[in-house]
Amino acid sequence: MPHLTTPGEIRHTDRHRNGASSGAPHRAPHGAPDGREEQPALGLGVLGRAHPMLAPTEWAELARPGLSAFPGPAGRRGPLHWAVLNVADGPGARRDPYCSPAVTALRASGVAVLGHLDMRDGERTFGELVSEAHRFLDWYRVDGFYLAGCPADSARLAYVQRATATLRALCEGGHLVLGHCTHPHPGYARCADQLVTFTGSWAEYRWSQAEEWTAGHPAERFCHLVHSLPRTHLEEALRIARWQGAGTVCFTDRTGGRDQDPWAGLPGYWDEIVSRVGPGVSE
């Protein structure tokens, strides 16, 4: 079974920084009334699909002191668990002169950077994934990988197990996130540190439910991605994430219509969501 870490304790050996456990509490049991038991500590993930050349201000914001979940000089942790680097649907064909300094700034501030690998629902070959992973590590020294388009069915579980075991070895125990977009077969929980079990609009999310098997795992194992979320419903969405047992969220008011990528930039209420999930901030 691969080594599993929480978002707050992403391992950094040789390439990476040494970190300690986040100490984030596990989710309250199913059926516990809202607010009566200690709620899971939520954190933020950023998919980073805006290229640093086109969105330098947003990338600089992610490197702002105090945002990283890695403890700062005062021992305080921020809410940002990780940010994804997606150069050109992967690492690109050569080192990007704009991405390198952006990644260096994030890592210097303690933010874990994950390289974007697209599994295309299992259609990518093992060799293609490993080749792109090597380029991410050689050019940008990423702290792990975000595997978009990850299969969710039992038939392709062995394929994902082989890929994640190899990626784990390549990045020396780095952080792995599987972008299923839906609840996968429970066996996938053995493959990575986090599973994306919801991706969709606020209209879908507000009526969604977590599958029963997820209750056997701590909240830091799951991530929810929600777009088209109005500011007026932000507090409600955070309550749903906690109730369903998610440890990391990526919420945005950007929409996902035709030819629109809702993850192409930070949400309009970025400062507000940072303050809501940051240390010492309660609902």
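Residues numbered from 1 in each chain as written. Predicted model: local features only at pLDDT ≥ 70, side-chain atom pairs only at ≥ 80, totals over all residues. Heavy atoms only, no water.

Considering empty space enclosed by the protein
Unoccupied space between atoms shows up once a probe the size of one water molecule is rolled over them. Using the criterion set out here, one finds three cavities of 30 Å³ or more in the structure. The computed volume of the largest cavity comes to approximately 180 Å³. In this structure, the largest cavity is lined by 20 residues; those nearest its centre are Val46, Leu47, Gly48, Gly265 and Leu266. Counting residues per element, the ones that place at least two in the lining of the largest cavity are strand E1 (43-46), helix H1 (56-62), strand E8 (248-251) and helix H7 (270-277). (1 Å grid on protein atoms, 1.4 Å probe; cavity = no way out; pocket = protein on both sides within 12 Å on 5 of 7 lines; lining within 4 Å. Points joined across faces, edges and corners; volume = space filled by probe spheres on them. Helix = DSSP H or I, 4+ residues; strand = E, 2+ residues; numbered from the N terminus.)

Describing the packing of aromatic side chains
Taken as a whole and judged by the stated rule, the model has eight aromatic pairs. Both rings, one in Phe136 and one in Tyr140, keep their centres 6.3 Å apart while their planes meet at 55 degrees; by these two values the pair is tilted. Of the two residues, Phe136 and Tyr140 both sit in helix H3 (residues 126-140), four residues apart, roughly one turn of that helix. By the burial criterion, Phe136 is buried, and Tyr140 matches it. (Phe/Tyr/Trp six-rings, centres within 6.5 Å; stacked < 30°, edge-to-face > 60°. Buried < 20%, exposed > 50% of the residue type's maximum accessible area, 1.4 Å probe, protein only.)

Considering the pairing of strand E2 (residues 80-85)
Counting buried residues in E2 gives six out of six residues, a clear majority hidden from the surface. In terms of strand pairing, E1 meets E2 through three bridges, oriented parallel. Bridging across to E2, Gly45 finds its partner in Trp82. Here E2 pairs with strand E3 (residues 112-118) via four bridges, running parallel. Residue pairing across strands places Leu85 opposite Gly115, the latter belonging to E3. In this fold, the crossover linking E2 to E3 by way of helix H2 (residues 99-108) has right-handed handedness. (Pairing = 2+ DSSP bridges. Right-handed = clockwise from strand over helix to strand, strands pointing away.)

Observations regarding the pattern of salt bridges
Inspection of the entire model under this criterion finds 16 salt bridges. The salt bridge involving Asp261 is made with Arg49; its shortest N-O contact spans 3.2 Å. Separated by 212 residues along the polypeptide, Asp261 in the loop between E8 and H7 and Arg49 in the loop between E1 and H1 bring together distant segments of the chain. Residue class for Asp261 comes out partly exposed when judged on its relative accessible area of 32%. Under the relative-accessibility criterion, Arg49 is labelled partly exposed at 35%. In this structure, Asp153 and Arg156 form a salt bridge, with 3.1 Å as the shortest nitrogen-oxygen distance. Judged by its relative accessible area of 29%, Asp153 is partly exposed. A relative accessible area of 28% means that Arg156 is categorised as partly exposed. Salt bridges sharing common partners tie together Arg231, Glu235, Arg239, Glu272 and Arg276. (Salt bridge = Lys/Arg side-chain N within 4 Å of Asp/Glu carboxyl O.)

Quick word on unusual backbone geometry
Peptide bonds are, in most cases, trans, and in most cases residues other than glycine have a negative phi. Of note in the backbone geometry, Asp121 takes a positive phi value of approximately 55 degrees without being a glycine. Looking at the element boundaries, Asp121 is found in the loop between E3 and H3. Under the relative-accessibility criterion, Asp121 is labelled partly exposed at 39%. The phi dihedral of Arg141 is positive, around 50 degrees, even though this residue is not glycine. Residue Arg141 is classed as partly exposed on the basis of its relative accessible area, which comes to 38%.

Things to note about the packing of helix H6 (residues 234-244) against H7
The geometry of a pair of packed helices is captured by two quantities: the angle between their axes and the separation between those axes. Closest axis-to-axis distance for the H6/H7 pair is 11 Å, and the angle between their directions is 45 degrees. Here H7 runs oblique to H6, going by the angle between their axes. Crossing geometry of H6 relative to H7 is assigned as right-handed. Touching Leu234, Glu235, Leu238 and Arg242 of H6 are Glu272, Ile273, Arg276 and Val277, all from H7. Partitioning the contact of H6 with H7 into residue classes produces four nonpolar, no polar and four charged. (Axes fitted to C-alpha atoms, helices over the stretch in contact; angles between N-to-C directions. Parallel < 35°, antiparallel > 145°, perpendicular 65-115°, else oblique. Left-handed = near helix turned anticlockwise from the far one by under 90°. Contact = heavy atoms within 4.5 Å. Nonpolar A, V, L, I, M, F, W, Y, C, P; charged D, E, K, R; others polar.)

Re a nonpolar patch on the surface
On the surface, Met53, Leu54 and Tyr98 cluster together to form a nonpolar patch covering roughly 360 Å² of accessible area. For Leu54, the position within the fold is in the loop between E1 and H1. (Patch = residues over 30% accessible without salt bridge, like charges linked within 9 Å, V, L, I, M, F, W, Y side chains within 5 Å. Areas by Shrake-Rupley, 256 points an atom, 1.4 Å probe, with all protein chains shown as cover.)

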